[in-house]
Amino acid sequence: MSKPLEHIRNFAIIAHIDHGKSTLADRLIQTCGGLEEREMTQQVLDNTDIERERGITIKAQTVRLEYTAKDGITYQLNLMDTPGHVDFSYEVSRSLASCEGSLLVVDSTQGVEAQTLANVYMAMENDHEIMPVINKIDLPSADINAARTEIEDVIGLDASDAVPCSGKTGAGIPDLLEAIVTRLPPPHGGDHDAPTKALLVDSWYDIYLGVVVLVRVIDGTLRKNQKIKFMSNGATRTVDRVGMFTPKHVLLDELGPGEMGFITASIKDISETNVGDTITDEKNPCSEKLKGFKPSIPMVFCSFYPADAGDFEKLRESLGKVRLNDASLHYETESSQALGLGFRCGFLGLLHMEIIQERLDREFDLDLIPTAPSVVYKINMTNGEQITLYNPVDMPEVQKIESIEEPWIKATILVPDEFLGGLLQLCQDRRGVQIELTYVGGRAMLVYRLPLNEVVFDFYDRLKSISKGYASFDYELDGYGENNLVKLEIRVNEEPVDALAMIVHRESAEARGRGMCERLKDLIPRQMFKIAIQAAIGGKIIARENVSAMRKDVTAKCYGGDITRKKKLLEKQKKGKAKMRQYGNVEIPQSAFIAALKMGDD
Amino acid sequence: MSHPQGQIGIYIHWPFCLAKCPYCDFNSHIREGVDDQAWQEGYIKTLDHYAAQMPGRTVRSVFFGGGTPSLMKPSVVESILERIQKNWRIANDIEITLEANPTSVEADKFVAFRAAGVNRVSLGVQSLNDDDLKFLGREHNAAEALKAIDIARENFERYSFDLIYARPDQTLAQWEAELRSALPHINGHMSLYQLTIERRTPFYMAHARGEFAIPKDDLAADFYTLTQEIMSAEGLPAYEVSNHVAPNQESAHNMIYWRYGDYIGAGPGAHGRLTINGQKHATREHSAPEIWLEKAGANGQAAHEYEPLSADERFMEALMMGLRLAEGVSKAALEREGECMLEDKTDRAKLDELKAQGWLTETDTHIKLEVEGLLRLNAIVPHILK
């Protein structure tokens, strides 16, 4: 029998990276007896190595806790660990949609950060009751009152009854658990006898179970052997397992209204299970889907090439394996003259891209060459057509283009006052439009509109370096806007290098082109013939450099005892030719292009 | 058995030196007290072994290299030459060269070497500047070197000497002056090497640590072209990348290497190219002197490597060696070694492009590199190979 709704609390934890979300969650689990002390590894909820190391959560996780409160009632607490980054903001919003309240965790030594803001606003949009929690009070530099003030000033939440605690030592945890049942609301609505209606919160691939689907039941029940339907794509499946996490897998007979848990249904491909989808009974479906469903749309693109051309098939296989668990990764084969065979990949955002790259490197031991990230442009053609451009190489001829639109973001940056000047300059340089500049304590809060194109490049690195690591940054997409954009082409001996093509604003084209030409000049070794490096827009050359011809490369002594050695060297050189790319009459080592791509813009 | 190139060369490697020069990566060792008798036996047994494998050939040249073969006892040299004479037919104009250090001690042995049968010496003079000789780790000074040249002139109808140029901090003008001061001492043949930093030498580490720098790129090319201009004007044009000669004074032995003929390599680490039953083989003898001596002394079989060469390998070797010569490489020889047409293994478009550039010329029989091509030889060979 399902738990009465009033004895259930579903809540999420919102926190900035490193503010101790996972440690706090671990402590709650342990206090409620979900795991013995010896079973606790640090941050039990973050499953992958990358999640643990980077302190970010990629997949949503739930844990069901049993808590007997001071009123003598045993409550079912469903703790939702949400993905913690803007790239996954849609996933975050669906996770939040499955809860009624949020714990806002603020580090008492750091205060509120930009990322916290975005998630708090998202929780507000989901009508959450938000309960501030001031964490890490065990640290000597903890300042509970300052954290309270920041929560009130920056977020505008009443923080007078914020709960001070320490996930690390366990101080304040009993108060926090009591506050969860007294101050957060139970699930509302919820009809046990109505047709099944459940929210698909997240899903992942498990080698033993197949695709595991995390759900929150709204109405009705989910039961073993029930035939269910995914409303976004009409797929039907038979439920073969129903269960919950404690965080261990525990099988149940059913999940009822207000409850969270998981189901499996012999699903092989994660792309069938769309986050935000509505799951219902096949024979007795609910009348309306849940609101807010969106298919995932990649926003940032880049290409991955194997550093060793022999690894292409391995890369294909590895991408396939990554996608087993990440339906938001898009990829297709691409062939580049400069870099050989690779894949054009689409990501939700920059962090998503980084995570995928790191997983390929780490889990599959692949040495990758990523091209410069780019965004998705909309090109309005003179004939009235609109083209979506995923790769600068595919840009149509200039004469046929009426205008180009690029995606914009709204960025929120929190920065200590002393670094404000540098950051304003950075935003200005990146074609930013200031929307807001306010002061909160010793920090400035900047809100800027920026072209995403300018941010994908190295904005985050620059921001961190200008602010010595103190600035925090978050963004949300903010529509498309027309701009004076051009395709900047890099040519070597008159031939375009596809991997180095980029779309840039007309005003910064010359500087970027000159920079790339100079960089290549240093990277391309002298060859037998002179090499011309040019940056061009359309047919117009805007920058040029030459690598002068090598004048001397001859072995001084070569007698009978040297032939074998020289021949071996020659055989090696011949093999190396496979890694050379022909441009006009010269062969350029692939490594030069790789190095050009690896260096940041300075 | 008939051989297309018939005549062979024999290289004898004497692996010992009194001191190691910091730029040298040759197989040389310092040993106290060498057992001359045992070594003589080793060489003789090795020569007998090779004679059994390739009988009936005519020896065009013998070359004693090292190491420092001028440290050999003249009697050992004599025994080796006697055995060669016994094992093979000898060309009337046989060239017998011995490499010598131009120290007074060694020059004093020239008479004895002449008596043993040596008819040409190659002197490692390296520089006519005392400071540079010290830097190069040589045991002699410039005055001694000139004295040794005089003794060579008195004893041998032919001699050659080496200079190393493009040294650290050397200017073009300094080199020109030094080279010009050497001109009166030349007797038809001279080797001029640009200093090369080889791996596994003391210079390699010192250079990597930045203790000195050698001219590179443009300046190195300027050194080379200046040298060509001076030597050509003196009637001593380069017949090979680093070797200059008056008419008909080429080193017959080295020409065998560059024309990709057959040669026996006897002695520690020595390489050979032997055509046996119509198949060309690459040989290399054991490098460690003690191991070589033990094997050679036992049965004359001291070859550590003995590999048949494929047509591809032979084509490549013949091409890279032949293009070093001013006469170029014979197309017929290439096609014979490669068992193919020239265009099967080289890129015709690239050859034509180099011709248009003026770096390569082609006749009915040969392809050859002009100075600008020779300067880029290491890049050109892989460039034109398919």
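Calculation rules
Residues numbered from 1 in each chain as written. Chains lettered and ligands numbered in written order. Predicted model: local features only at pLDDT ≥ 70, side-chain atom pairs only at ≥ 80, totals over all residues. Heavy atoms only, no water. Helix = DSSP H or I, 4+ residues; strand = E, 2+ residues; numbered from the N terminus. Buried < 20%, exposed > 50% of the residue type's maximum accessible area, 1.4 Å probe, protein only. Contact = heavy atoms within 4.5 Å. Areas by Shrake-Rupley, 256 points an atom, 1.4 Å probe, with all protein chains shown as cover. Patch = residues over 30% accessible without salt bridge, like charges linked within 9 Å, V, L, I, M, F, W, Y side chains within 5 Å. Salt bridge = Lys/Arg side-chain N within 4 Å of Asp/Glu carboxyl O. Lys, Arg positive; Asp, Glu negative; His and termini not counted. Charge placed at Lys NZ, Arg CZ, Asp CG, Glu CD. Expected span 1.5 Å × (residues − 1). Buried area = accessible area lost by both parts, 1.4 Å probe. Polar contact = N/O pair within 3.5 Å; in protein donor to acceptor, adjacent residues only side chain to side chain. Nonpolar A, V, L, I, M, F, W, Y, C, P; charged D, E, K, R; others polar. Phe/Tyr/Trp six-rings, centres within 6.5 Å; stacked < 30°, edge-to-face > 60°. Pairing = 2+ DSSP bridges. Axes fitted to C-alpha atoms, helices over the stretch in contact; angles between N-to-C directions.

### Notes on the overall build of chain A
Okay, so step 1: Helix and strand counts for chain A stand at 13 helices and 34 strands.
Okay, so step 2: Here chain A, with 602 residues, has 57% of them falling under the buried criterion.
Okay, so step 3: Intrachain contacts of chain A at a sequence separation of at least 6 include 69% that bridge at least 24 residues.
Okay, so step 4: Entry remark: accessible area of chain A is about 24,900 Å², with carbon and sulfur atoms responsible for 48%.

### Section: unusual backbone geometry
Okay, so step 1: The omega torsion across A:T246 and A:P247 is 10°, close enough to zero to call that bond cis.
Okay, so step 2: With respect to the element layout, A:P247 can be found in the loop between β12 (241–245) and β13 (249–251).
Okay, so step 3: Going from B:G66 to B:G67, the amide bond is cis rather than trans, its omega being 25°.
Okay, so step 4: With respect to the helices, strands and loops of the structure, B:G67 is situated in the loop between β2 (58–66) and α2 (74–87).
Okay, so step 5: One non-glycine residue, B:D169, lies in positive phi territory at about 65°.

### Comments concerning a negative patch on the surface
All names here are of chain A.
Okay, so step 1: Taken together, the side chains of D308, D361, D365 and D367 define an acidic patch exposed on the protein surface.
Okay, so step 2: Along the chain, D361 turns up in helix α8 (residues 350–363).
Okay, so step 3: Overall, the relative accessible area of 44% leaves D361 in the partly exposed class.

### Quick look at helix α12 (residues 311–322) of chain B
All names here are of chain B.
Okay, so step 1: The end-to-end C-alpha distance of α12 is 16 Å, a good match for the 16 Å that 12 residues give at a rise of 1.5 Å each.
Okay, so step 2: Across the 12 residues that make up α12, a large majority, 10, are buried.
Okay, so step 3: Those residues of α12 not exposed but buried are A311, R314, F315, M316, E317, A318, L319, M320, M321 and G322.

### What about the interface of chain A and chain B?
Okay, so step 1: Every contact between the two is made by 28 residues of chain A and, on the other side, 48 residues of chain B.
Okay, so step 2: For the chain A and chain B pair, buried surface summed over both sides reaches about 3,600 Å², with 55% attributable to carbon and sulfur atoms.
Okay, so step 3: The largest share of the area that chain A buries against chain B comes from A:M528, A:R551 and A:Y559, three residues that together contribute 20% of it.
Okay, so step 4: Linking chain A to chain B there are 6 salt bridges.
Okay, so step 5: The closest approach of N and O atoms between B:D222 and A:R551, which form a salt bridge, is 2.9 Å.
Okay, so step 6: If you look at where chain A meets chain B, you find 20 residue pairs in polar contact (both at pLDDT 80 or more).
Okay, so step 7: By residue number, the principal contributor to the side of chain A that touches chain B is helix α12 (residues 563–576) of chain A, which donates 9 residues.
Okay, so step 8: Counted by class, the side of chain A that touches chain B contains 9 nonpolar, 7 polar and 12 charged residues.

### A word on the packing of aromatic side chains
Residue and element names in this part refer to chain B.
Okay, so step 1: Scanning the entire structure with this criterion turns up 28 aromatic pairs over all chains.
Okay, so step 2: Relative to W39, the ring of F16 lies with its centre 5.0 Å away and its plane at 80°, an arrangement referred to as edge-to-face. Taken as a pair, F16 in the loop between β1 (8–14) and α1 (36–53) and W39 in helix α1 lie far apart in primary sequence, 23 residues in all. Judged on exposure class, the residue F16 and its partner W39 are both buried.
Okay, so step 3: Members of the aromatic cluster, connected to one another through ring pairs, are W14, F16, W39, Y43 and W292.

### Brief notes about the environment of B:G137
Residues and elements named next belong to chain B.
Okay, so step 1: Along the chain, the position of G137 falls in the loop between α5 (130–135) and α6 (142–155).
Okay, so step 2: Residue classification places G137 among the partly exposed residues on the basis of a relative accessible area of 27%.
Okay, so step 3: A C-alpha to C-alpha distance of 6.2 Å links G137 and P22, two positions 115 residues apart in sequence.
Okay, so step 4: Residues in contact with G137, not counting those within four places in the same chain, are C21 and P22.

### Overview of the pairing of strand β24 (residues 401–416) of chain A
All names here are of chain A.
Okay, so step 1: Summarising burial for β24: 14 of the 16 residues are buried, a large majority.
Okay, so step 2: Pairing analysis gives 4 bridges linking strand β22 (residues 377–381) to β24, with the strands arranged antiparallel. Its bridge partner lying in β24, M381 is registered against I401.
Okay, so step 3: Examined bridge by bridge, β24 and strand β27 (residues 472–483) share 10 bridges and lie antiparallel to one another. The residue bridging L414 from the neighbouring strand is S472, located in β27.
Okay, so step 4: With 9 bridges connecting them, β24 and strand β26 (residues 443–451) associate as antiparallel partners. Within β26, the position partnered with L414 by the bridge is M445.

### A closer look at the sheet that holds strand β6 (residues 163–164) of chain A
All names here are of chain A.
Okay, so step 1: Spatially, the 6 strands line up as an open sheet ordered β2-β3-β1-β4-β5-β6, and their pairing is mixed. Each edge of the open sheet is held by one strand with a lone partner, namely β2 (61–68) and β6.
Okay, so step 2: Sheet topology note: the strand β4 (residues 101–107)/strand β5 (residues 129–135) ladder contains 7 bridges and is parallel. Note that in β5 the partner of L103 across the bridge is M131.
Okay, so step 3: On the sheet, helix α4 (residues 114–125) packs against β1 (8–15), β4 and β5 and is oriented at approximately 155° with respect to β1.

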